[in-house]
Amino acid sequence: MLEDNDEYIQKKIAAIDGLDGMTVNERLHISGLMNEFDTALLNDKARAQQILTLLNVDELSINTIIGDTDENR
């Protein structure tokens, strides 16, 4: 599972040029995390939030995408 690979994912993300100028979908696509995120969004919202955080998505956007619930905190 991704949890075991967060350090690898962080290094991979750090190597992406222009990440901050990309949309969330572009970040998910270029990082190769689109499928994992979609699965997490359906089954594990805390993990979906973690993926977006790793991709440097701002908190407001994360809350909009995932939903701002106490369950996610």
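Residues numbered from 1 in each chain as written. Predicted model: local features only at pLDDT ≥ 70, side-chain atom pairs only at ≥ 80, totals over all residues. Heavy atoms only, no water.

J.: I'd like to hear about helix α4 (residues 45-54), residue by residue, with values.
T.: Burial in α4 covers these residues: R47, A48, I51, L52 and L54. Angularly, the buried residues of α4 cover 160° about the axis, an arc narrow enough to put them on a single face. Buried-residue contacts for α4 involve α1 (6-14), α2 (24-31), α3 (34-43) and α5 (59-66). (Buried < 20%, exposed > 50% of the residue type's maximum accessible area, 1.4 Å probe, protein only. Helix = DSSP H or I, 4+ residues; strand = E, 2+ residues; numbered from the N terminus. Arc of directions from axis to C-beta. Contact = heavy atoms within 4.5 Å.)

J.: Before we move on, could you go through the pattern of salt bridges and cite the residues and values that matter?
T.: Where charged atoms from two side chains of opposite charge approach closely, those side chains can pair. According to the stated counting rule, one finds two salt bridges in the structure shown. R47 serves as the salt-bridge partner of D6, at 2.8 Å between the closest nitrogen and oxygen. With D6 in helix α1 and R47 in helix α4, this pair connects stretches of sequence that are 41 residues apart. Across this residue pair, the class does not change: D6 and R47 are buried. The residue E7 makes a salt bridge to K11 at a minimum N-O spacing of 3.5 Å. Taken together, the positions of E7 and K11, both in helix α1 and four residues apart, correspond to about one turn of that helix. K11 matches E7 in its accessibility class, with the two residues each being exposed. (Salt bridge = Lys/Arg side-chain N within 4 Å of Asp/Glu carboxyl O.)

J.: An account of the packing of α1 against α4 is needed here, citing residue identities and associated values.
T.: At a minimum axis separation of 10 Å, α1 and α4 run at an interaxial angle of 35°. Contacts from D6, I9, Q10 and I13 of α1 reach α4 at R47, Q50 and L54. Taken together, the residues of the contact of α1 with α4 break down into three nonpolar, two polar and two charged. (Axes fitted to C-alpha atoms, helices over the stretch in contact; angles between N-to-C directions. Nonpolar A, V, L, I, M, F, W, Y, C, P; charged D, E, K, R; others polar.)

J.: Please provide a residue-by-residue account of the side chain of D6, values included.
T.: Judged by relative accessible area, D6 falls into the buried class, the value being 14%. Reaching out from D6, the side chain makes a polar contact with the side chain of Q50 at a distance of 2.9 Å. In this structure D6 touches R47, Q50 and L54, once residues within four positions along its chain are discounted. (Polar contact = N/O pair within 3.5 Å; in protein donor to acceptor, adjacent residues only side chain to side chain.)

J.: A description of the nonpolar core should follow, citing residues and the corresponding values.
T.: Burial of nonpolar side chains together is a common tendency in soluble globular proteins. Ranked by internal contacts, the top residues of the largest apolar core, which has 17 residues, are I13, L28, L33, F37, I51, L52 and L55. At four residues, α4 tops the list of elements feeding residues into this core. (Core = buried A, V, L, I, M, F, W, Y, C linked by side-chain atoms within 4.5 Å.)

J.: Quick rundown of α5? Include the residues and the values.
T.: You can read the cap of α5 off the contacts: a side-chain oxygen lies 3.3 Å from the backbone nitrogen of L60, and it is on D58. Just past α5, the residue G67 takes up positive phi, approximately 105°.

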